[in-house]
Amino acid sequence: MNSVRNFIRFSNRNIYRKGFHDLRTCWYGNHYSTDETSKLNIDYADIPIERIRNFSIIAHVDHGKSTLADRVLETTGAIKPSSGNAQVLDKLQVERERGITVKAQSASLLYNYNGSDYLLNLIDTPGHVDFSNEVSRSLSACQGVILLVDANDGVQAQTVANFYLAFGNDLIIIPVLNKIDLKNADPDRVAKQLETLFDIDPKEVLKISAKLGTGIHEVLEAVIKRLPPPHVERDSSFKALLFDSWYDRYRGVQSLVYVQNGQINVGDNVTYYHTNKNYEVKMLSILKPEEVFVKKLVAGQIGVICCNMRSSKEAHIGDTVHKTGTPVEPLKGFKPVKPMVFAGIYPVDQSQHVNLRSAIEKLALNDSAVSISIDTSPALGQGWRLGFLGLLHLEVFTQRLQQEYDAETILTAPSVTYKVKLKETKQTLKAGNSEMYITNPIHFPDHLTVEEYYEPMVLGTIITPDRYLGAVLTLCLEKRGVQRNASNIDNERVMMQFDLPLSEIVIDFHDSLKTISSGYASFDYEPTGFVSTYLVKMEVYLNGVAVDELSSIIHGSRIDTIGRRTVLKLKEIIPRQLVQIAIQAKVNGKVIARETLKAYRKDVAAKLYGGDITRRMKLLAQQAAGKKKMKMVANISLPRETFIDVLKK
């Protein structure tokens with residue numbers, strides 16, 4: 001027995017000694033040995049700049065970006081061909097559940113063409129308009145894009161937006177038609193659409209089937225032939241663009257960078273230009289798509305820097321990273337995006353406030369488009385007012401909070417930002433600013449102090465079959481839209497542009513458009529600024545007492561409709577009390593809608609089995625007097641659940 005115990009102890013000691021050198025690699029899930037890692041490092045770092053291509057895949061939702069990315073990974077040998085390869089780069093649970101790409105993902109691939117190894121840095125981007133920020137950041141590290149279009153559905157609204165986004169960045173565009181294997185696919189018709197809208201020669205359009213793997217080699221060859229190598233210098237000082245980051249519970253903040261100049265090695269000290277803080281590089285890695293640790297990154301590569309950055313506030317998207325003591329001219333960076341939709345987020349229980357704050361900060365690092373400000377509600381307690389690029393962006397963010405951080409939240413109804421110009425008074429002249437931005441109805445100023453109201457507008461692009469044209473026009477006019485132009489894409493489809501108020505499209509416009517067009521119409525929008533309008537603050541009163549949490553900002557033309565709908569909804573949601581409740585909606589002190597919630601009734605005359613009628617009348621009169629007295633002194637007590645139901649509506 002002792003000999004067996006000694007053998008086990010000796011074996012464990014040898015295993016420990018042998019594995020300690022690679023403990024870091026094994027801990028983070030990398031299955032490559034040190035020799036394999038060194039080989040990969042040599043292969044990638046020694047590839048000349050002329051054989052590097054950086055590109056993205058851009059397309060409308062459901063046009064096959066993730067499927068094409070899967071086939072490219074298989075063709076280049078990054079993953080083994082398997083029927084189980086689906087959405088390999090869509091690593092988030094919310095992406096797989098919804099079938100959409102939310103977060104841009106990169107992969108460094110080796111492809112042998114004419115006997116030479118080429119390094120292809122692929123970035124798979126989202127397709128929905130709410131995540132256009134991810135697309136614009138990804139394009140900063142690219143020299144070209146693959147514009148993917150469904151050969152069955154044709155050009156959609158987001159296809160147009162992505163084309164002009166890439167065109168505005170002076171990127172080479174490779175047009176590719178996908179799903180040519182479908183029965184109703186018409187590649188020639190869609191190629192004609194590309195020529196009509198974007199002046200693309202149909203002879204340059206590639207035709208593939210990402211599902212079957214048809215034409216993938218032609219796409220990769222087009223990337224090598226048509227796209228230029230990155231404009232970088234390996235002999236100059238190290239300079240890299242930080243274009244994405246995320247938080248790892250073990251390693252802290254991870255920085256995904258595009259190396260513009262020079263090279264960086266493990267052990268070097270780097271400085272982040274924006275914060276001017278210094279760090280020692282602990283690890284370097286590339287994504288292929290699994291993480292592979294390397295000893296250095298050189299100009300032209302896309303890689304991950306790990307430097308034990310513990311605070312998510314120290315990583316700014318668009319920042320420039322350089323070696324400590326070697327200052328460089330900062331890179332251009334990114335234009336900060338402005339949130340379009342705001343909503344309040346509160347913990348279900350205030351005891352979870354600290355955990356929810358930590359989760360929001362970490363997730364916001366992974367999503368720089370989210371703005372955060374502290375907010376307080378008398379009904380819901382302490383929380384935050386978060387800004388998003390759209391309603392889907394908001395839904396995905398809250399879903400990720402629950403799935404990735406197990407954080408249960410209460411989400412209030414979304415609203416938009418309004419601008420108010422105040423009248424010139426002593427207070428405004430003293431403050432030196434007569435304009436204010438309103439994201440919360442509670443902060444809406446009195447109408448007597450306001451000179452002019454402004455609401456945010458967007459330019460909406462709608463592409464629809466002409467048979468749904470009348471219904472789409474009616475919907476846009478109902479949403480206070482003004483048509484700017486219209487043009488025919490082909491004999492069956494029309495592209496229209498409308499000036500629309502953001503507040504009218506942020507909630508249910510997209511769903512309504514899909515309903516009236518049987519799912520064939522597509523919608524995309526971009527902000528165009530503020531325009532003068534007529535806004536009012538609608539307040540809700542319960543028995544003459546204002547409830548600030550239920551107030552809202554609405555357009556003057558919707559006063560009667562929204563006021564009536566609000567009081568009816570409150571009548572259904574508010575629980576009955578012992579006294580009668582008058583539910584009123586007021587605008588500028590005038591009641592615009594009212595409903596009455598009856599009190600609980602008690603038959604005080606139930607014990608009477610006859611006798612004079614005056615006895616019954618006396619009891620009823622006493623009850624009426626008691627209710628009148630109670631109504632004068634009673635406070636309407638609304639449960640927390642009622643506020644949650646109302647605010648969610």
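In this text, all values refer to a predicted model and were calculated from it rather than measured experimentally. (Residues numbered from 1 in each chain as written. Predicted model: local features only at pLDDT ≥ 70, side-chain atom pairs only at ≥ 80, totals over all residues. Heavy atoms only, no water.)

A.B. asks: Just checking my understanding: could you explain the overall build of the protein chain for this structure?
C.D. replies: If you tally the helices and strands in the protein chain, you get 18 helices and 31 strands. Evaluated residue by residue, the protein chain yields a buried proportion of 50% over its 649 residues. When contacts within the protein chain are restricted to residue pairs at least 6 apart in sequence, those whose partners lie at least 24 apart make up 71%. Accessible surface, the protein chain: about 31,800 Å² in total, of which carbon and sulfur atoms supply 51%. (Helix = DSSP H or I, 4+ residues; strand = E, 2+ residues; numbered from the N terminus. Buried < 20%, exposed > 50% of the residue type's maximum accessible area, 1.4 Å probe, protein only. Contact = heavy atoms within 4.5 Å. Areas by Shrake-Rupley, 256 points an atom, 1.4 Å probe, with all protein chains shown as cover.)

A.B. asks: What is the right way to look at the packing of aromatic side chains in this model?
C.D. replies: Here a ring pair, both rings aromatic, is described through the centre-centre distance and the interplanar angle of the planes. Going through the model one piece at a time under the given rule, you end up with twelve aromatic pairs. Ring geometry for F163 versus F198: centroids 4.0 Å apart, planes at 20 degrees, classification stacked. Of the two residues, F163 is situated in helix α7 (residues 157-168) and F198 in helix α8 (residues 187-198); the sequence distance between them amounts to 35 residues. With a relative accessible area of 6%, F163 lands in the buried category. A residue is classified by how much of its surface remains accessible, and F198, at 8% relative accessible area, is buried. Ring centres 5.4 Å apart and planes at 85 degrees place the aromatic pair Y272 and Y279 in the edge-to-face group. As far as the burial class goes, Y272 and Y279 line up, both buried. Three or more aromatic residues joined by ring pairs make a cluster, and in this case those are F163, Y164, F167 and F198. The ring of Y541 is capped by K586, whose NZ or CZ atom sits 4.2 Å from the centre of that ring. (Phe/Tyr/Trp six-rings, centres within 6.5 Å; stacked < 30°, edge-to-face > 60°. Lys NZ or Arg CZ within 6 Å of the ring centre and 35° of its normal.)

A.B. asks: Explain the packing of helix α10 (residues 353-365) against helix α11 (residues 391-405) to me, please; I cannot follow it from the model alone.
C.D. replies: Helix packing geometry: the angle between the two helix axes and the distance between the axes. With their axes 10 Å apart at the nearest point, α10 and α11 run at an angle of 115 degrees to one another. In terms of orientation, α10 and α11 fall into the roughly perpendicular class. The interaxial crossing formed by α10 with α11 has right-handed handedness. Contacts between α10 and α11 involve L356, A359, I360, K362, L363 and A364 from the former and F397, R400, L401, E404 and Y405 from the latter. Here the contact of α10 with α11 is built from residues that sort into eight nonpolar, no polar and three charged. (Axes fitted to C-alpha atoms, helices over the stretch in contact; angles between N-to-C directions. Parallel < 35°, antiparallel > 145°, perpendicular 65-115°, else oblique. Left-handed = near helix turned anticlockwise from the far one by under 90°. Nonpolar A, V, L, I, M, F, W, Y, C, P; charged D, E, K, R; others polar.)

A.B. asks: How should the sheet that holds strand β18 (residues 371-377) be read in this particular structure?
C.D. replies: Strand order in this open sheet of four strands is β18-β19-β17-β20, and the pairing throughout is antiparallel. Two strands lie at the open edges of the sheet, namely β18 and β20 (409-411), each paired on one side alone. Strand-to-strand twist of the sheet, defined as the mean angle between neighbouring strand axes without regard to direction, takes the value 30 degrees. Here five bridges tie strand β17 (residues 341-347) to strand β19 (residues 381-388), and the two strands are oriented antiparallel to one another. Opposite A343, over in β19, you have L386 as the bridge partner. The strands touched by α10 are β17, β18, β19 and β20; relative to β19, the strand with the most contacts, the crossing angle is about 15 degrees. (Pairing = 2+ DSSP bridges.)

A.B. asks: What exactly am I supposed to notice about the side chain of T461 here?
C.D. replies: Note on placement: T461 falls in strand β23 (residues 450-465). A polar atom in the side chain of T461 sits 3.4 Å from the side chain of Q497. Here T461 is in contact with A157, M495, M496, Q497, S522, F523 and D524, once residues within four sequence places are set aside. (Polar contact = N/O pair within 3.5 Å; in protein donor to acceptor, adjacent residues only side chain to side chain.)

A.B. asks: Where do I start with the state of the cysteines in this structure?
C.D. replies: Disulfide: a covalent bond connecting the sulfur atoms of a pair of cysteines. Counting across every chain of the model gives zero disulfides. You can see C307 has no disulfide; the closest cysteine sulfur is in C306, sitting 6.6 Å from it. (Disulfide = S-S within 2.5 Å.)

A.B. asks: Mind showing me how you'd approach the confidence of the model for the protein chain here?
C.D. replies: Predicted coordinates in regions of low pLDDT should not be interpreted in detail. Scored by pLDDT, the protein chain has a mean of 80; 81% of the residues are at 70 or more. Every residue in residues 1-42 is under pLDDT 50, and counting partners more than four places away or in other chains gives 30 contacts. (pLDDT = per-residue confidence, 0-100.)

A.B. asks: Whenever I open this one, the sheet that holds strand β15 (residues 302-309) confuses me. Can you help?
C.D. replies: In any sheet, the strands associate via hydrogen bonds between backbone groups, in a parallel or an antiparallel arrangement. In space, the eight strands of this open sheet follow the order β11-β10-β16-β7-β8-β15-β12-β13, with antiparallel pairing throughout. Pairing within the sheet leaves two strands with one partner each, and these edge strands are β11 (277-280) and β13 (291-294). Across this sheet, the average inter-strand angle for adjacent strands is 40 degrees, counted without regard to direction. As judged from the three bridges shared by strand β10 (residues 269-272) and strand β16 (residues 320-323), these two strands associate in the antiparallel manner.

A.B. asks: How should helix α4 (residues 65-75) be read in this particular structure?
C.D. replies: In an α-helix, one full turn covers 3.6 residues, which means residues spaced three or four apart are oriented alike. In terms of burial, α4 is a largely internal element, nine of the eleven residues being buried. Looking only at α4, the buried set comprises K65, S66, L68, A69, D70, R71, V72, L73 and E74. Against the buried residues of α4 lie β1 (52-59), β2 (105-113), β3 (116-124), β4 (144-150) and α9 (216-226). Within two residues after α4, G77 carries a phi angle of roughly 80 degrees, on the positive side.

A.B. asks: In this structure, what is going on with the packing of helix α13 (residues 469-478) against helix α15 (residues 509-516)? I would like to understand it.
C.D. replies: Orientation of α13 relative to α15, taken along the N-to-C sense of each, is 160 degrees, at an axis distance of 10 Å. Relative to α15, α13 is oriented roughly antiparallel. In this structure, the crossing between α13 and α15 has a hand that is right-handed. For the pair α13 and α15, contact is made by A471, V472, L475 and C476 and by F509, S512, L513 and I516, respectively. Looking at the contact of α13 with α15 residue by residue, the classes come out as seven nonpolar, one polar and no charged.

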